[in-house]
Amino acid sequence: MTTATAPKGGGTEAREARPPRLAVWKFSSCDGCQLTLLDCEDELLALTERVEVAHFLEASSAGSEGPYDVSLVEGSITTLEEAERIRDIRERSKLLVAIGACATAGGIQSLRNFADVGTYARWVYAHPEYLETLPTATRIADHVTVDLELRGCPIDKGQLLELIGALLGGRRPWLPGVSVCQECKRRGTACLMVAQGVPCLGPVTHAGCGAICPAWGRGCYGCFGPAESANVASLARWWRDYLNVDAATVERALRSFNAAAPAFAVPDVDGSGRSRGTEAGRGR
Amino acid sequence: MHVRVRGDRVEEARLEIYEPPRFFEALLRGRAYTEPPDITSRICGICPVAYQISAAQAIEAACGVAVSDAMRTLRRLLYCGEWIQSHALHVYLLHAPDFLGVDSALELARTAPEVVQRGLTLKKAGNDLMALIGGRAVHPVNTRVGGFYRAPGRADLLALVEPLQGALDAAEETVRWVGGFDFPDFTHEHEYVALRDPDRYAIEGGRLVSDHGLDIGPEGFEERLEELHVEHSNALQAVLRGRGTFMTGPLARYSLNFDRLSERARAAARAAGLRETCRNPFQSIVVRSVEMLYAVEEALRIIDAYEPPDPPAAEVRPRAGRGCGWSEAPRGVLYHRYTLDEDGTVLEAVITPPTSQNQRAVEDDLRRFVEGHLELDDAALTHQCEQAIRNYDPCISCATHFLTLDVERSG
């Protein structure tokens, strides 16, 4: 995280007490992460007294050119226009925070990275030649320097408020990279995998959601992406050996909302050496 | 948006949507039959439940499973939460600022904080309902093919009664408030298409009907509707075969189902100046508010009589086949169709969202609207067109905040 310094172009201005400028940007995405900011119904009005919302199309027609103190960026990069736009936003932003699975790992649309986008286009559109799109959907950090990331599909409201509160207070946000298992323990949810034999990605998935899925009786499906030092190969073997989960199911589980996160690469658990990195399971 | 004007005639109005394609229908191929509800919910973070329920119902149809009334009712309750939050978002944060001459609800909050607070209270009531049933408000985790992972208990839902009762007053006040806005004198004659249910205001299902005699089940949808890919837009456009442009969404739903609204919602609508049919798209903000009132009432009615479905999900065994499903997303009819192989692997997926169905009607309205306002300069015209597009609450609702209007005037 960069330390707080005077904003670009701000000599005297920086010394005056002006509220920090917040901008919210959308790339290829569903709008759900930026909606999470508006879902802070109890905090929103208090927040707008502390920050100037300088650009947020989901909430306002008004906008300023910047520079911005903090830019929250939702979505992945899937077109050349987006690749150029994110560089421009980076230039105008002191701190850039990637929010959500699309921005931090490419999102569900990064499944195209394991297929042929030309084939995808022909399946969906009568005239693929009208489309302007890149062959891959990539995270923001593949294009510009990202100062902080909020994980999740969607991000968690509590984590977003923690982030904003920390930035306003000039401290580092508390966003531990532990696994969902720790949240289940704190919540008092009995382990679904051990007690009920339900396949769960919790042991390899980044905490932050509050372990909702296990609390509702379903296995974690990994929407917060990989935890720090996640041992995916070990979990895949566990699923296979103790829960009778076949390789195609393991692959589908890892290839979802954070498919392009390197730590969620499909491991070669059967030792065949056969790469499961590209074709398998797709386009059948 | 591109407008070509010759003299006092608008020869063409084109809405060019370059929302980057994300290829959902392609990436669904090869996935398991259990996955489309979670995957397709990521099409829209504002109406994920619509995607989850349309997808689940299509797959249940493909597998020959009909869920119980109790299951359908719990789905309807979750869906009420989505209608409340989505309509509150649109009415208060996106649409009302247009009528009040402010840039945003945040700006409105400086002069009328109590009004914005009322909107946020409503939105929160919807979100809390979604989070209680679904685990979280955006992309709920508790829905599945067949029903739910865990049905909420009666006591859990009773905790929502008090906030929903507060929301009921807020919703009624909202209808009164927006009913007092000034609406441009503008009407259209598009064919109205919406779901209709024999017993209630259509939300999670029904037959597709129109005011020109259409009356079909989900399996007839693709026979009657055609999706076109036009050069100027990445959003596919739907037309009724042999009939052309039509309109789905709150105006159509309301006008085709006025008799299915509650007495209180009907009375609020009349008091706010609506008739049984509404053909002015600018008044859609009133219709949305009436629907929000209905959804709050309906949620309270469902909670009052609630018995958890047991088991929480019907067993759905995969089989080779094809199934269609639909529901009324906050912005209109959302149709899904899946073809599965005998293992339940998705071979083909078709998704027709309301925005694509409405695009032609929107363009037609814009053409006529611009024609009536040619005296305005481009900046003023741009603002009015943004508002005209927001009438339809398209998925690009917020994207219209940066509409570039390109007017080619000649003759």
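Reading the values: rules and limits
- Residues numbered from 1 in each chain as written.
- Chains lettered and ligands numbered in written order.
- Predicted model: local features only at pLDDT ≥ 70, side-chain atom pairs only at ≥ 80, totals over all residues.
- Heavy atoms only, no water.
- Helix = DSSP H or I, 4+ residues; strand = E, 2+ residues; numbered from the N terminus.
- Buried < 20%, exposed > 50% of the residue type's maximum accessible area, 1.4 Å probe, protein only.
- Contact = heavy atoms within 4.5 Å.
- Areas by Shrake-Rupley, 256 points an atom, 1.4 Å probe, with all protein chains shown as cover.
- Pairing = 2+ DSSP bridges.
- Axes fitted to C-alpha atoms, helices over the stretch in contact; angles between N-to-C directions.
- Disulfide = S-S within 2.5 Å.
- Parallel < 35°, antiparallel > 145°, perpendicular 65-115°, else oblique.
- Domains from an automatic or database assignment.
- Buried area = accessible area lost by both parts, 1.4 Å probe.
- Salt bridge = Lys/Arg side-chain N within 4 Å of Asp/Glu carboxyl O.
- Polar contact = N/O pair within 3.5 Å; in protein donor to acceptor, adjacent residues only side chain to side chain.
- Nonpolar A, V, L, I, M, F, W, Y, C, P; charged D, E, K, R; others polar.
- Expected span 1.5 Å × (residues − 1).
- Arc of directions from axis to C-beta.

K.L.:
Even after reading the chapter, I still don't get the overall build of chain A, so can you show me in this structure?
P.N.:
Within chain A, the regular secondary structure consists of twelve helices and five strands. In chain A, buried positions account for 54% of the 284 residues. Partitioning the contacts of chain A with sequence separation of at least 6, the portion at a separation of at least 24 is 74%. Accessible surface computed for chain A: about 12000 Å², of which carbon and sulfur atoms make up 52%.

K.L.:
Even after reading the chapter, I still don't get the sheet that holds strand E1 (residues 2-6) of chain B, so can you show me in this structure?
P.N.:
Two strands in a sheet stick together by hydrogen bonds in their backbones, pointing the same way (parallel) or opposite ways (antiparallel). All names here are of chain B. The sheet built from three strands is open, its strands ordered E2-E1-E14 with mixed pairing. Across the chains shown, the open sheet's two edge strands, defined by having one partner strand only, are strand E2 (9-14) and strand E14 (406-410). For this sheet the average axis-to-axis angle between neighbouring strands, irrespective of direction, equals 10°. The sheet contacts of helix H13 (residues 354-371) involve E1 and E2, and relative to E2 the element is tilted by about 145°.

K.L.:
Would you mind showing me how to read the sheet that holds strand E7 (residues 215-216) of chain B here?
P.N.:
Residue and element names in this part refer to chain B. The strand order across the open sheet built from four strands is E7-E6-E5-E10, with neighbouring strands paired in mixed fashion. What marks the edges here is a single partner per strand, and that holds for E7 and strand E10 (246-247). Here strand E5 (residues 191-196) runs beside E10; their pairing, made up of two bridges, is parallel. Its bridge partner being in E10, glutamate 191 is matched across the sheet by phenylalanine 246.

K.L.:
Where do I start with the state of the cysteines in this structure?
P.N.:
Such a bond, covalent and formed between the sulfur atoms of two cysteines, is termed a disulfide. All names here are of chain A. Applying the stated criterion to the full structure yields zero disulfides over all chains. Considering cysteine sulfurs only, cysteine 191 is the nearest to cysteine 181, which forms no disulfide, with 6.4 Å between them. Look at cysteine 181 and you get partly exposed, because its relative accessible area is 26%.

K.L.:
Looking at this structure, I do not really get the packing of helix H3 (residues 48-62) of chain B against helix H4 (residues 69-100) of chain B. What am I missing?
P.N.:
Describing two packed helices takes the angle between their axes plus the distance from one axis to the other. Residue and element names in this part refer to chain B. Where H3 contacts H4, the axes come no closer than 9 Å and their chain directions differ by 150°. Between H3 and H4, the interaxial angle falls into the category roughly antiparallel. Along the contact surface, H3 presents Pro48, Val49, Ala50, Ile53, Ala56, Gln57 and Glu60, while H4 presents Arg75, Leu78, Tyr79 and Glu82.

K.L.:
Would you mind showing me how to read the domain arrangement of chain A here?
P.N.:
Interfaces are often sized by the accessible area lost when the parts come together. Residue and element names in this part refer to chain A. Taken domain by domain, chain A comprises domain 1 (3-169) and domain 2 (180-275). Averaged C-alpha coordinates put domain 1 and domain 2 at centres separated by 27 Å. Facing 15 residues of domain 1, the contacting portion of domain 2 comprises 15 residues. At the boundary of domain 1 with domain 2, total buried surface from both sides reaches about 1200 Å², with 60% on carbon and sulfur atoms. Taken as a group, Phe114, Arg151 and Cys153 account for 41% of the area that domain 1 buries against domain 2, more than any other trio of residues on that side. For the interface between domain 1 and domain 2, the tally reads zero salt bridges. The interface formed by domain 1 and domain 2 contains three residue pairs in polar contact (both at pLDDT 80 or more). Of the residues assigned to the side of domain 1 that touches domain 2, the class counts are eight nonpolar, five polar and two charged.

K.L.:
Would you mind showing me how to read helix H7 (residues 157-169) of chain A here?
P.N.:
Think of an α-helix as 3.6 residues a turn; residues three or four steps apart then line up on the same face. Residues and elements named next belong to chain A. In this model H7 runs 18 Å from its N-terminal to its C-terminal C-alpha over 13 residues, within 8% of the 18 Å that 1.5 Å per residue would give. Taken residue by residue, H7 has Gln159, Leu160, Leu163, Ile164, Ala166 and Leu167 as its buried positions. For H7, the arc enclosing every buried residue in end-on projection is 160°, short of the 170-degree limit, so these residues lie on one face. Those residues of H7 hidden inside the fold are in contact with helix H2 (32-38), helix H3 (44-50), strand E3 (68-74), strand E4 (93-99) and strand E5 (148-150). For H7, the N-terminal capping position is held by aspartate 156, with its side-chain oxygen 2.9 Å away from the main-chain nitrogen of glycine 158. In the segment just after H7, glycine 170 is the residue with positive phi, at about 70°.

K.L.:
Would you take a moment to explain the pattern of salt bridges for this structure?
P.N.:
Between side chains of opposite charge, pairing is possible as soon as their charged atoms come close. Residue and element names in this part refer to chain B. If you walk through the whole model with that rule in mind, you get 56 salt bridges over all chains. The salt bridge involving aspartate 259 is made with arginine 196; its shortest N-O contact spans 2.9 Å. Of this pair, aspartate 259 sits in the loop between helix H10 (250-257) and helix H11 (263-271) while arginine 196 sits in strand E5, and the two are 63 residues apart along the sequence. Residues glutamate 204 and arginine 200 are paired through a salt bridge, measuring 3.4 Å at the closest nitrogen-oxygen approach. The exposure class assigned to glutamate 204 is buried, which follows from its relative accessible area of 1%. Within this structure, Arg72, Arg76, Asp197, Arg200, Glu204, Glu297, Glu298 and Arg301 form a network of salt bridges that share partners.

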